[in-house]
Amino acid sequence: MPGAYKTEAVVLRSIRFGEADRVLHLYTQDRGRVGAMAKGVRRVRSRLGGRLEPLSRVRLVLHEGRGELCTVSQADTVCAHAALRDRRASLERASQACEAVLRLLDSSEPNRPAYNLLCNELSLLDTHPELATRAQALAFRLKLLLAAGFAPELASCAACGDSEHLGAFSPSAGGVVCAGCEAGSFPLDEETHRFLVTALIRPLAEAPEAAERALSQADRAIAETAEYHAHVRLRRVTGREPAAGRP
């Protein structure tokens, strides 16, 4: 039934609409993906002002009408993540995280683990600029696949169940495969396999590092898993690493 409701959300994307409005893509705590209209938000005297910028975590009152978009009637900031906006590497990683959520989680069904994961990632990038690395970004994506129900099989061959000689990755089979089942797969180094396993079980703040070759293979494994099983294309994780001793 149409009406007003309260929720907490992360602003994934903001698009200009008309002379003063914005269309928002939100990922909410208890309603999954939500589209909303912020009327008059671009006016200088708007009471919503800068509270609805992308990457912000906010508490909202939304009015659900008959159309596809809700209307924002109230917004309060939980965390603006202002610090990460001042650092290029952190901003790029945060934007990549929001884009991955936008592409992978398009359901209106709530997914509390995915919401908490995104909030954790933005908070870490806001307070710990040294974590804005390619390895940490891939760890986030791998955990996001898990929250969405598409995590690859890493413990044994996804085709036959063998736990030895796991030297390749098959997106169609859904994970690592052994030598006897490697048709349609691509090579996966031992370091890459170890990175994927460790990244999945460790907290985001303790994401492992790996050589560039291993990270490139992990990136491919994650992207092709999402494409084959979720029918979603994720852009490869790119961008500069934070310079030592610099914000």
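Before reading on, note that the structure itself is shown above.
Residues numbered from 1 in each chain as written. Predicted model: local features only at pLDDT ≥ 70, side-chain atom pairs only at ≥ 80, totals over all residues. Heavy atoms only, no water.

Draft legend 1. Here's a closer look at the overall build of the chain. Looking only at helices and strands, the chain has six helices and eight strands in total. Secondary structure elements of the chain, listed N to C terminal, follow the sequence β-β-β-β-β-α-α-α-α-β-β-β-α-α. Expected size for 247 residues packed as a compact globule is a radius of gyration near 18 Å; at 20 Å, the chain falls within 12% of this value. Counting only C-alpha atoms, the chain reaches 65 × 50 × 25 Å along its principal axes. In the chain, once contacts between residues fewer than 6 apart in sequence are set aside, the share between residues at least 24 apart is 58%. Working note: accessible area of the chain is about 12400 Å², and carbon and sulfur atoms make up 48% of it. Of note, the chain has its 33 positive side-chain charges centred 10 Å away from the centre of its 30 negative side-chain charges. (Helix = DSSP H or I, 4+ residues; strand = E, 2+ residues; numbered from the N terminus. Rg over C-alpha atoms; globule rule 2.2 N^0.38 Å. Contact = heavy atoms within 4.5 Å. Areas by Shrake-Rupley, 256 points an atom, 1.4 Å probe, with all protein chains shown as cover. Lys, Arg positive; Asp, Glu negative; His and termini not counted. Charge placed at Lys NZ, Arg CZ, Asp CG, Glu CD.)

Draft legend 2. Here's a closer look at helix α3 (residues 112-127). With 16 residues, α3 extends 22 Å from end C-alpha to end C-alpha; this agrees with the ideal 22 Å at 1.5 Å per step. Residues A114, Y115, L117, L118, C119, E121, L122, L124, L125 and D126 constitute the buried set of α3. Near the N-terminus of α3, the side chain that reaches the backbone nitrogen of A114, with its oxygen 3.0 Å away, is that of N111. (Expected span 1.5 Å × (residues − 1). Buried < 20%, exposed > 50% of the residue type's maximum accessible area, 1.4 Å probe, protein only. Polar contact = N/O pair within 3.5 Å; in protein donor to acceptor, adjacent residues only side chain to side chain.)

Draft legend 3. Structural view of the packing of helix α2 (residues 88-104) against α3. Packing of α2 against α3 leaves a shortest axis separation of 10 Å and a crossing angle of 175°. Between α2 and α3, the crossing angle belongs to the class labelled roughly antiparallel. Listed contacts from α3 to S90, R93, A94, A97, C98 and V101 of α2 are L118, E121, L122 and L125. Residues belonging to the contact of α2 with α3 are distributed by class as follows: seven nonpolar, one polar and two charged. (Axes fitted to C-alpha atoms, helices over the stretch in contact; angles between N-to-C directions. Parallel < 35°, antiparallel > 145°, perpendicular 65-115°, else oblique. Nonpolar A, V, L, I, M, F, W, Y, C, P; charged D, E, K, R; others polar.)

Draft legend 4. Molecular detail of the pattern of salt bridges. Evaluated as defined, the whole model comprises twelve salt bridges. One salt bridge connects E224 with R220, and the closest N-O pair in it is separated by 2.7 Å. Of the two residues, E224 and R220 are both situated in helix α6 (residues 212-229); the distance of four residues between them amounts to about one turn of the helix. One network of salt bridges, with partners in common, ties together E99, R103 and R235. (Salt bridge = Lys/Arg side-chain N within 4 Å of Asp/Glu carboxyl O.)

Draft legend 5. Representation of the sheet that holds strand β2 (residues 21-28) within the structure. With mixed pairing, five strands are arranged side by side around a closed barrel as β1-β2-β3-β5-β4. Adjacent strand axes in the sheet meet at a mean angle of 50°, parallel and antiparallel pairs treated alike. Relative to strand β5 (residues 70-79), strand β3 (residues 32-38) is paired through two bridges, and the arrangement is parallel. Paired with A36 across the bridge in β5 is C70. Sheet strands in contact with α2 are β1 (3-17), β2 and β3, and its direction is about 115° off that of β1. Set on the sheet, α3 makes contact with β1, β2, β4 (57-64) and β5; between it and β1 the angle comes to about 55°. (Pairing = 2+ DSSP bridges.)

Shape descriptors only; they carry no functional weight alone.
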